[in-house]
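Now for the letters of each chain:
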Amino acid sequence: MFDQEQAFFYLPKEYSTQTTMANTTVCGNLEDQSFPIKLVKILCYSLILITSLLGNTAIIAITARNSRTLTSINYLIANMAASDLLVSIFAVPNQLCQVIFGERAWLIDGIMGLILCKLVFFCQDISTAVSIQSLVVISMERYRAIVYPFRPAVITPKRCKFIIPLIWLASVSLHGIYFYAARLESVNNRTTCDFRWDPQFDNRQTMERFVAVVLVLNVFLPFCFTIFTYSRILWVLRNSEVSQHRAENSRVFKNVCAIMIAFACCVLPIDIFAILFYFVWKWKPPCNMIQFGVFSRFALISNSAISPIISLVRFDRYRQGLKDMLKTVSKHFWGKDGVGNISNLDDLELKKASIHRGNERISVRDSGITSFSSV
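Throughout this document, residue positions are counted from 1 along each chain, in the order its sequence is written. Only residues with pLDDT of at least 70 get local features here, since the model is predicted, and only at 80 or more are side-chain atom pairs given and counted; chain-wide, interface and lining totals rely on the full set of residues. For side-chain calculations, the full set of non-hydrogen atoms in the structure is used, while hydrogens and water are omitted.

Draft legend 1. Summary view of the overall build of the protein chain. Secondary structure elements are taken from DSSP: a helix is a run of H or I of four residues or more, a strand is a run of E of two residues or more, and numbering for both begins at the N terminus. Within the protein chain one finds 11 helices and 5 strands. The buried share among the 375 residues of the protein chain stands at 47%. Contacts in the protein chain between residues at least 24 apart in sequence constitute 74% of all its contacts with a sequence separation of at least 6. For accessible areas, the Shrake-Rupley method is used with a probe of radius 1.4 Å. Any residue's cover is judged against the shown protein chains and nothing else. Counting every atom, the protein chain has about 19800 Å² of accessible surface; 65% of that belongs to carbon and sulfur. To sort residues, take the accessible area from a 1.4 Å probe on protein chains only and compare it with the maximum for the residue type: under 20% means buried, over 50% means exposed, and anything in between is partly exposed. Contact between two residues is taken to exist if any of their heavy atoms lie within 4.5 Å; hydrogens are not considered.

Draft legend 2. Summary view of the packing of aromatic side chains. We call Phe, Tyr and Trp rings a pair once their centres come within 6.5 Å, taking the six-membered ring for Trp, and we label the pair stacked below 30 degrees between planes, edge-to-face above 60, and tilted otherwise. Overall, the coordinates contain 20 aromatic pairs when judged by the stated rule. With a centroid separation of 5.4 Å and 70° between ring planes, the pair formed by Tyr230 and Phe253 is classed as edge-to-face. Linking Tyr230 in helix α8 (residues 203–239) with Phe253 in helix α9 (residues 244–280), this pair joins segments that are 23 residues apart in sequence. For the pair Phe315 and Tyr318, a centre-to-centre distance of 6.1 Å together with 75° between the ring planes defines the contact as edge-to-face. The exposure class of Phe315 is buried, given its relative accessible area of 8%. One aromatic cluster is present, built from ring pairs that chain together Phe121, Tyr178, Tyr180, Phe195, Trp197, Phe201 and Phe210. Stacked on the ring of Tyr148, the Lys or Arg Arg151 has its end atom at 4.0 Å from the ring centre. Geometrically, a charge over a ring is one whose NZ (Lys) or CZ (Arg) sits within 6 Å of the ring centre while staying within 35 degrees of the ring normal.

Draft legend 3. Quick look at the pattern of salt bridges. Any carboxyl oxygen of Asp or Glu that lies within 4 Å of a side-chain nitrogen of Lys or Arg is treated as forming a salt bridge with it. Scanning the entire structure with this criterion turns up 8 salt bridges. Across the pair Asp198 and Arg183 runs a salt bridge whose closest N-O atoms are separated by 3.4 Å. Pair noted here: Asp198 is in the loop between β2 (190–195) and α8 and Arg183 is in strand β1 (residues 182–187), with a separation of 15 residues, a long-range link. On the accessibility criterion, Asp198 (22% relative accessible area) is partly exposed. Residue Arg196 pairs with Asp198 through a salt bridge whose shortest N-O separation is 2.8 Å. Look at the salt bridges and you will find they share partners, linking Arg183, Glu185, Arg196 and Asp198 into a network.

Draft legend 4. Spatial organisation of a nonpolar patch on the surface. On the surface, a cluster of nonpolar side chains totalling about 700 Å² of accessible area is made up of Ile100, Phe101, Leu107, Ile108, Ile111, Met112 and Ile115. Breaking the nonpolar patch down by element, the ones donating at least two residues are α4 (72–101) and α5 (110–147). At 3 residues, the largest contribution of residues to the nonpolar patch is made by α5. Mapped onto the secondary structure, Met112 falls in helix α5. Only residues above 30% relative accessible area that lack a salt bridge enter a patch, with like-charged residues linked at up to 9 Å and the nonpolar side chains Val, Leu, Ile, Met, Phe, Trp and Tyr linked at up to 5 Å.

Draft legend 5. Structural context of the side chain of Lys118. Tracing the chain through its elements places Lys118 in helix α5. Asp and Glu are treated as the negative residues and Lys and Arg as the positive ones, with His and the ends of the chain left uncounted. The buried charged residue Lys118 lacks any salt bridge, with Glu185 as its nearest oppositely charged partner at 11 Å. Ignoring sequence-local partners within four residues, the contact set of Lys118 consists of Phe179, Tyr180 and Ala182.

Draft legend 6. Representation of the state of the cysteines. By disulfide we mean two sulfur atoms from cysteines, separated by a distance within 2.5 Å. Applying the stated rule across the entire model yields 1 disulfide. Between the sulfur of Cys117 and that of Cys193 lies a disulfide, 1.9 Å long from S to S. With the S-S bond torsion at 85°, the cross-link from Cys117 to Cys193 turns out right-handed. In this pair, Cys117 is assigned in helix α5 and Cys193 in strand β2, connecting sequence segments 76 residues apart. Among the residues examined, Cys193 registers a relative accessible area of 1% and is labelled buried.

So, in structure tokens, the structure goes:
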């Protein structure tokens, strides 16, 4: 997948310098870097960072807490949440750094800086690859469940324990070359994290071939497969008889579609920009398309915050799990539940314990007052 680094950082230094000079000379400074604009960008990326960290962590925690009762879709969504955390940890701080200190800025030098440089490239791109492959597996599971409901399930929660590592292995294999190509360079006492294929390969030709391979394997084929399966599922649902089973399948299908559509809206702009940049514009984008590149990079990163929000809002298990987590946190810090009821009575056995006070009886069950009556 292709975020800001794949649209700009992957350029050999000589090409990126020429492009920057051309944009400044011919187009002018189209990307406003005034203080108000910077402040808005900082606030937006900070909001994405906080939302992504909290939302994806909540999904992973809920999945781990209720692992025995969850479906294969829940496990795959948690897998997407884990991959989105990589964006929160590596990509978003890198974007904030560039907004504050300038494009291509890299603040850490030495061995640690080199390691982080390689990890930033690697982690943010396998994150998108893992999410795409997880969505493909989800579409396969829904296809079997709805189109062929009487066939035994292939993608079960137990098998997800093997499928998920395979997804990560495939993503790591495709992007493992990043540990060779990503490197630190210093020009005019300014350190940058660049992506170069030399001396073993030709920079421009190898970059274009790599982009083509990743686009085919990680974008074109998965999206074609998903469009086919979802179209077939939709046709079956529309032509099936009204029943409780159909209603349940339709509800789950709509939830999965919401995640898929949001993901496509966030990812496709940067892929379209990458195709145009490398194969149509020949590394020299027209002036009126520069802002499209800026928007597409923001859209890609924002998916790490949008996806967990959709999951927590639309899926009953995650919504209830989030409520339970908030109640637990509330009890821990304030000794009250979400509506202000007493919930922490020291070391008492709270399950079905009864406290008698004169003519009043307070029945307490599972750390909350459940009934109040007079004898």
